[in-house]
Amino acid sequence: MKPVAPLKAFGREDLSLAGGKGANLGELIGNGFPVPDGFVVTTAAYGLVADGHDTRTYFEHVDIPSDLREAIAEAYAELGGGPVAVRSSATAEDLPGAAFAGQQDTYLNIVGEEALVDAVRRCWGSLWTERAVAYRDKLAIDPAEVRIAVVVQNMVQSEAAGVLFTANPVTGDRAQIVVDASTGLGEAVVSGLVTPDHYVLDASGRVTAFTPGRREVVIRGTAGGGVVHETGNRTKGEALPREALGELARLAGEVAAHFGRPQDIEWAYAGGRVSLVQARPMTALPPPPVGRLNPFQRKLGTILLEYLPVRPYPIDMTTWLPYGPAGMMAQVTAAFGIRGVFEGFLHEQDGVVYRFVPPSPRFTAGLPATPFRLVRRARRHDPARWTEDRRFQAFLAANLELAARDLTSMPWPELIRVPRQALDLVQPVTDLRIDYLPASGLALLRLLLVVKALRRGALFGELITGARTRTSDANQALEDLAEEARATGALDADPMPAGFAAKLRDFLAEYGHRETASPILVTPPTWGEAPETVLGMLRALAGGSPSPAPADRARDRLLRHPLLRGARRRAAIARWVEAARAGVAFREDSHFYFTLPLPVLRRSLLEIGARLRDAGVLQRPEDVFHLRLEELESVKDLPASDLPASGLPASGLPASGLPAPSLAASDPRLDGLRVVVQQRAAKREELSGVRLIDPRAIFPARHVGDAIVTGTPAGGGTATGPVKVIRDPAEFGRLASGDVLVCPYTNPSWTPLFQRAAAVVVDTGGSASHAAIVAREYGIPAVMGTAGGTSTLTDGQVVTVDGDAGTVTAASAGTVTAAS
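Caption draft 1: Focus on the overall build of the chain. Scanning the chain for helices and strands turns up 29 helices and 25 strands. C-alpha atoms of the chain, sized along the principal axes, occupy 105 × 65 × 60 Å. When each of the 820 residues of the chain is scored for burial, the buried share is 53%. Of the contacts made within the chain by residues no fewer than 6 positions apart, 70% connect residues no fewer than 24 positions apart. Carbon and sulfur atoms make up 54% of the accessible area of the chain, which amounts to about 34,100 Å² in all. Separation between the mean location of the 86 positive side-chain charges and that of the 91 negative ones in the chain comes to 12 Å.

Printed below as a string of structure tokens:
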């Protein structure tokens, strides 16, 4: 194709020649949409002039070859030689995940050949402005791969212009169209110089909401070229006739349908006609509203949302999510006649998770037989003896064998099989859960019925939390380390005393496979890979006095019931309490052991990532998280893969990126993976500020008196203290004794903090979630599912937490009290 060609000659497949803007506009023209006629100065023309230069100054003063200048002049004359709009069109812009809005330059109402050539040069130069370079760096886009075209179109001297979104950019509602309009050229709206008229339309063009603008400035073209800014008239009526809104709504639906996704469209209105001057995919668009959830969806939502503190990566979606705890529970529920409980709740777009929809269960034909299967399994499998099961012993042995293997010395064909081997390890624990959970559940149900019958139902939560578990063992080990640190100052010593360091290593060897952020994701580091998390917990614990072991008061109170005076009755009830606790311990401990393969799974993925980095596919080993497991497995061999990958320290933490060699560019398979990683990384960055779901769909707001935050009551009475917002494990050390812990989520890693907190307020979760259970064990108030506690409450703010009412209210600094 010639370096200068008509706009209508291009389609969206011509991105490399016409850039994003030119390809999209050419696609619209070719499909009959009202787009001003024009031409494209292609990326080939840019390449002729660039000659390896990458500074704005060079392009703004470079002489254009005479044949290229003549081609531009000829195309301009064919347009009529009148005013034109000159817009940059880079190859990396207007793509899903990388809109590049405002990063390159646009010049309006350009008149004359010399002015046009100068505008083209300045568009080329805008590829290398500081803002454009910084934007590309943020998205990890290789500057060597970026080219720029220039789109030249007949100028629309608009009476009104603006922007429309084919979906609501705030709520994500795909049934709404949002239009911003103002008088004059659309640059005033796009650049934010005016407060535009704001419309919300339905698909038919009916106005469902309207907010008048102020039209502070009007931009208009001048007869000799260029534009002028005039003071706007705030007293005039709407900038746009209502019939034009109907036309915009029609075009919005057709353009979105054509491109197959919501669009951000710039438009102009003149002489009773709407013209489209730009169309690109909407970025940072929230997922569609989930609508009204049924009670079961809301219940599951409280559980699953707590497990999603970060957006899952593609490698999560194809490894630990379907095979880890969520996949395990999907198999467990399916074994008892219920499907769809822990499956299909995350939706992907462009290879990136963008939406969470709490699932609805489906009952199978085998459901009526479930009670009989439960009883049969309960009789055969005692949770108090589950670690004696031969399947469990075989699981431990297989895990030790795989964890002991040297991943760095493995050839690629062997290494690429390790992730599947790690995932296969967890199946025996899933089978154990299926067999032993029925007795656990029945023991809990029996105890609940007993305490209800004795009118002691309030004791149930405390009764079942007295079991010894691997989590309680870890907490006690942390308390012991904190006590030593408190007495010796080991945490402040540099270097750390050898004896204390050895004990810390022993602790990490025993408990280092625990997750820091989520039990259902592989991408966050484990305790062993992020020892700073453990050090933060130790600092929080060492900052106060030792915590007394929780007394078994609930059990003693129950056994003192008047109807339990007989020794046999008390003994039976005591056995039932222990059986229920054994069931709780099985649930906790089976999860503890279930996650044993997690470190080797992470290490294998990071080793694969390090080798792909050395092959030029990735910039950093952890970029492997942007790929799916089957995509990695499609690489059957990797040149020089028999050599250990450099850059992974002994801890297994990913090293910083190194300059990429050229191997990937010479191998189409690897180059394809490299492009996929870049695209998904850009999409993930785009969505960084977008929630997977509006939490109010799961945790509807409750208005209770003077409460500043409300949520689900999780018990524990009331307590008053200063707020401390802890957003992730890296901040554990900030919590002081007596603080009100306010956090977005919790998991077992957070448990030690509860020994210091006066109360707990959590954005997610419900009364049966981990935080609620542990809070009841320690006798502190907890309010769950606040949806916005971390964004409403601030550090140092003194509040009263009522765990029985589910409220947080303001309090004065002089009223700090412990739980009551």
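Caption draft 2: Summary view of helix α21 (residues 531-542). Helix length check: α21 (twelve residues) gives 16 Å between terminal C-alpha atoms against 16 Å at 1.5 Å per residue, within 8%. If you check which residues of α21 are buried, you get Thr533, Val534, Gly536, Met537, Leu538, Ala540, Leu541 and Ala542. On its buried face, α21 is in contact with α19 (470-488) and α20 (498-511).

Caption draft 3: Representation of the pairing of strand β5 (residues 148-154). Counting buried positions along β5 gives six out of seven residues, so the element sits mostly inside the fold. By the bridge criterion, four bridges tie strand β2 (residues 38-41) to β5 in an arrangement that is antiparallel. Residue pairing across strands places Gly38 opposite Gln153, the latter belonging to β5. In terms of strand pairing, strand β3 (residues 84-90) meets β5 through seven bridges, oriented antiparallel. Looking at the pairing, Val86 lines up with Val152 of β5.

Caption draft 4: Just the sheet that holds strand β20 (residues 718-725), in detail. Reading across from one edge, β18-β25-β24-β20-β21-β22-β23-β19 is the order of the eight strands in this open sheet, with mixed pairing throughout. In the strand order of this sheet, the two ends are held by β18 (709-710) and β19 (712-713), each with one partner.

Caption draft 5: Representation of the pairing of strand β25 (residues 807-810). The sheet contact formed by β18 and β25 spans two bridges and is antiparallel. Looking at β25, one finds that Thr710 is bridged to Thr807. Note: strand β24 (residues 798-802) against β25, four bridges, orientation antiparallel. From the neighbouring strand, Val801 faces β25, where its bridge partner is Val808. Here β24 folds back onto β25, and the loop between the two strands holds four residues, one of which, Gly806, carries a positive phi near 75 degrees.

Caption draft 6: Fine view of the packing of α19 against α20. Packing of α19 against α20 brings their axes to within 11 Å, and their N-to-C directions diverge by 170 degrees. Considering their axes alone, α19 and α20 lie roughly antiparallel with respect to each other. Two secondary-structure elements touch here, α19 through Arg470, Asp473, Ala474, Ala477, Leu478, Leu481, Glu484 and Ala485 and α20 through Phe500, Lys503, Leu504, Phe507, Glu510 and Tyr511. Residues that form the contact of α19 with α20 fall into these classes: nine nonpolar, no polar and five charged.

Caption draft 7: Quick look at the pattern of salt bridges. Tallying each qualifying case throughout the model produces 47 salt bridges. In this structure, Arg206 engages Asp202 in a salt bridge whose closest nitrogen and oxygen atoms are separated by 3.0 Å. Exposure remark for Arg206: the relative accessible area of 52% places this residue in the exposed category. A relative accessible area of 17% means that Asp202 is categorised as buried. Overlapping salt bridges bring together Arg261, Asp350, Lys683 and Glu686 as one network.

Caption draft 8: Representation of the environment of Leu692. Tracing the chain through its elements places Leu692 in the loop between α27 (668-686) and β18. The buried category is assigned to Leu692, whose relative accessible area is 9%. Along the sequence, Leu692 and Phe507 sit 185 residues apart, while their C-alpha atoms lie 35 Å from each other. If near-sequence neighbours (up to four positions away) are discounted, Leu692 is found in contact with Pro287, Arg311, Pro312, Val353, Tyr354, Arg355 and Phe356.

Caption draft 9: Here's a closer look at the nonpolar core. Core analysis: the biggest nonpolar cluster contains 89 residues, and Val534, Leu538, Leu612, Leu632, Leu741 and Phe754 have the highest contact counts within it. Those residues within four positions of Leu538 in sequence are excluded, and the remaining contacts are Leu478, Leu481, Ala482, Leu491, Phe500 and Leu504.

Caption draft 10: Expanded view of the sheet that holds strand β1 (residues 4-6). Spatial ordering of the open sheet is given by β1-β2-β5-β3-β4, a layout of five strands whose pairing is antiparallel. Whereas interior strands pair on both sides, the edge strands pair on one side only; in this sheet they are β1 and β4 (106-110). The sheet shows a mean angle of 20 degrees between the axes of neighbouring strands, direction not considered. Bridge count for β3 against β4 is three bridges, and the pairing is antiparallel. From the neighbouring strand, Val84 faces β4, where its bridge partner is Ile110. Docked against the sheet, helix α4 (residues 66-79) engages β1, β2, β3, β4 and β5, running at close to 165 degrees with respect to β2. This element, helix α5 (residues 113-125), spans β2, β3, β4 and β5 of the sheet and lies at about 25 degrees to β3.

Caption draft 11: Molecular detail of the packing of helix α17 (residues 427-453) against helix α23 (residues 567-594). The N-to-C vectors of α17 and α23 enclose an angle of 150 degrees; their axes lie 8 Å apart at closest approach. Relative to α23, α17 is oriented roughly antiparallel. Like other packed secondary-structure pairs, α17 and α23 cross with a definite hand, here left-handed. Where α17 abuts α23, its residues Val429, Thr430, Leu432, Arg433, Tyr436, Leu437, Ser440, Ala443, Leu444, Arg446, Leu447 and Val450 lie against Ile573, Trp576, Val577, Ala579, Ala580, Gly583, Val584, Phe586, Arg587, Ser590, His591 and Phe594. In terms of residue class, the contact of α17 with α23 is built from 16 nonpolar, five polar and three charged.

Caption draft 12: Structural context of a nonpolar patch on the surface. A cluster of nonpolar side chains, contributed by Val375, Leu442, Leu445 and Leu449, occupies part of the molecular surface with about 330 Å² of accessible area. Take the nonpolar patch: its biggest share by element is three residues, from α17. Classification of Leu442 by relative accessible area gives partly exposed; the value is 35%.

Caption draft 13: Representation of the packing of aromatic side chains in the model. Taken as a whole and judged by the stated rule, the model has 19 aromatic pairs. Ring geometry for Tyr199 versus Phe210: centroids 4.8 Å apart, planes at 35 degrees, classification tilted. Of this pair, Tyr199 sits in strand β8 (residues 197-201) while Phe210 sits in strand β9 (residues 207-211); the two residues are eleven residues apart in sequence, bridging distant segments of the chain. Of the residues examined, Tyr199 reaches a relative accessible area of 0% and is grouped as buried. Among the residues examined, Phe210 registers a relative accessible area of 30% and is labelled partly exposed. Between Phe507 and Trp527 the ring centres are 5.9 Å apart and the planes differ by 15 degrees, which places this aromatic pair in the stacked class.

Caption draft 14: Examining a negative patch on the surface more closely. A cluster of like negative charges, contributed by Asp67, Glu70, Glu74 and Glu78, occupies part of the molecular surface. As for its placement among the helices and strands, Glu74 is situated in helix α4.

Caption draft 15: Quick peek at the environment of Glu479. Its location among the elements puts Glu479 in helix α19. A relative accessible area of 7% places Glu479 in the buried class. Taking the C-alpha atoms as reference, Glu479 lies 32 Å from Ile573; in sequence the two are 94 residues apart.

Caption draft 16: View of the side chain of Arg680. For Arg680, the position within the fold is in helix α27. Residue Arg680 is classed as buried on the basis of its relative accessible area, which comes to 10%. Apart from the residues within four sequence positions on either side, Arg680 is in contact with Pro314, Asp350, Gly351, Val352, His626, Leu627, Arg628 and Glu631.

Parameters at a glance
- Residues numbered from 1 in each chain as written.
- Predicted model: local features only at pLDDT ≥ 70, side-chain atom pairs only at ≥ 80, totals over all residues.
- Heavy atoms only, no water.
- Helix = DSSP H or I, 4+ residues; strand = E, 2+ residues; numbered from the N terminus.
- Buried < 20%, exposed > 50% of the residue type's maximum accessible area, 1.4 Å probe, protein only.
- Contact = heavy atoms within 4.5 Å.
- Areas by Shrake-Rupley, 256 points an atom, 1.4 Å probe, with all protein chains shown as cover.
- Lys, Arg positive; Asp, Glu negative; His and termini not counted.
- Charge placed at Lys NZ, Arg CZ, Asp CG, Glu CD.
- Expected span 1.5 Å × (residues − 1).
- Pairing = 2+ DSSP bridges.
- Axes fitted to C-alpha atoms, helices over the stretch in contact; angles between N-to-C directions.
- Parallel < 35°, antiparallel > 145°, perpendicular 65-115°, else oblique.
- Nonpolar A, V, L, I, M, F, W, Y, C, P; charged D, E, K, R; others polar.
- Salt bridge = Lys/Arg side-chain N within 4 Å of Asp/Glu carboxyl O.
- Core = buried A, V, L, I, M, F, W, Y, C linked by side-chain atoms within 4.5 Å.
- Left-handed = near helix turned anticlockwise from the far one by under 90°.
- Patch = residues over 30% accessible without salt bridge, like charges linked within 9 Å, V, L, I, M, F, W, Y side chains within 5 Å.
- Phe/Tyr/Trp six-rings, centres within 6.5 Å; stacked < 30°, edge-to-face > 60°.

Structural measurements only, silent on function.
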